[in-house]
Amino acid sequence: YVKQDNGLIRQWGLLQTAWPGEGPRKVVFPIAFPGECFNVQLTVWSGGQQNAVGADITVGAGNLTAESFDVMFNTWGTGNAAQDIKGVFWEAIGH
């Protein structure tokens, strides 16, 4: 994490996981935001497997607090796309 001079705090990390099935996975920030976390960005990490785009997978952030958030896994199908997931990179901004 990094604390900026203007009071903003940026934190980042990796939730390393195979496809956990639908539902939440909790991420705890390295440090709690003293005020609030107001933005989390997510990027899915995949293994680059061919033909792994056959399912519609969405990954969102939910239950956002100053200490943690949930990565919400959802899909319209399973198969190769779900099997190719290695984890989720995240970055959070708050103060």
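Scroll up to find the structure.
Small disclaimer: the values here were computed from a predicted structure and weren't measured. (Residues numbered from 1 in each chain as written. Predicted model: local features only at pLDDT ≥ 70, side-chain atom pairs only at ≥ 80, totals over all residues. Heavy atoms only, no water.)

**Comments concerning the overall build of the protein chain**
As a reminder, the rule being used: Only DSSP runs of H or I covering at least 4 residues are called helices, and only runs of E covering at least 2 are called strands; the numbering of each starts at the N terminus. Classification of residues uses two cut-offs on accessible area relative to the type maximum, computed with a 1.4 Å probe and protein chains only: under 20% is buried, over 50% is exposed, and between them is partly exposed. For this analysis, residues touch if any pair of their heavy atoms sits within 4.5 Å. What sets the accessible areas is the Shrake-Rupley method with a 1.4 Å probe; for residues, cover comes only from the shown protein chains.
Looking only at helices and strands, one finds one helix and seven strands in the protein chain. Shown N-terminal to C-terminal, the secondary structure of the protein chain runs as helices and strands in the order β-β-β-β-β-β-α-β. Counting all 95 residues of the protein chain, 34% fall into the buried class. Partitioning the intrachain contacts of the protein chain with sequence separation of at least 6 by distance along the chain shows that 74% fall at a separation of at least 24. Surface exposure of the protein chain reaches about 5600 Å², of which carbon and sulfur atoms provide 49%.

**Some remarks on a nonpolar patch on the surface**
The line we're drawing: Residues with no salt bridge and a relative accessible area higher than 30% make up the patches, which join like charges within 9 Å and nonpolar side chains (Val, Leu, Ile, Met, Phe, Trp, Tyr) within 5 Å. The rule for a salt bridge is simple: a side-chain nitrogen of Lys or Arg has to be within 4 Å of a carboxyl oxygen of Asp or Glu.
Taken together, the side chains of Leu 14, Trp 45 and Phe 89 define a hydrophobic patch exposed on the protein surface, amounting to about 250 Å² of accessible area. Tracing the backbone shows Phe 89 in strand E7 (residues 85-94). With relative accessibility at 39%, the residue Phe 89 sits in the partly exposed group.

**Some words on the packing of aromatic side chains**
To describe a pair of aromatic rings, one takes the distance between the centres and the angle between the planes. Selection rule: Put simply, two rings from Phe, Tyr or Trp (the six-membered ring, in Trp's case) pair if the centres are within 6.5 Å, and we call them stacked under 30 degrees between planes, edge-to-face over 60, tilted for the rest.
Counted by the stated rule, this structure contains five aromatic pairs. Taking 5.6 Å as the distance between ring centres and 35° as the angle between the ring planes, the aromatic pair formed by Phe 29 and Phe 69 counts as tilted. Highlighted residues: Phe 29 in the loop between strand E3 (23-28) and strand E4 (37-46) and Phe 69 in strand E6 (residues 68-75), separated in sequence by 40 residues. Taken individually, Phe 29 and Phe 69 each receive the classification buried, so the pair is uniform in this respect. Site record: aromatic cluster; members linked through ring pairs are Phe 29, Phe 33, Phe 69 and Trp 90.

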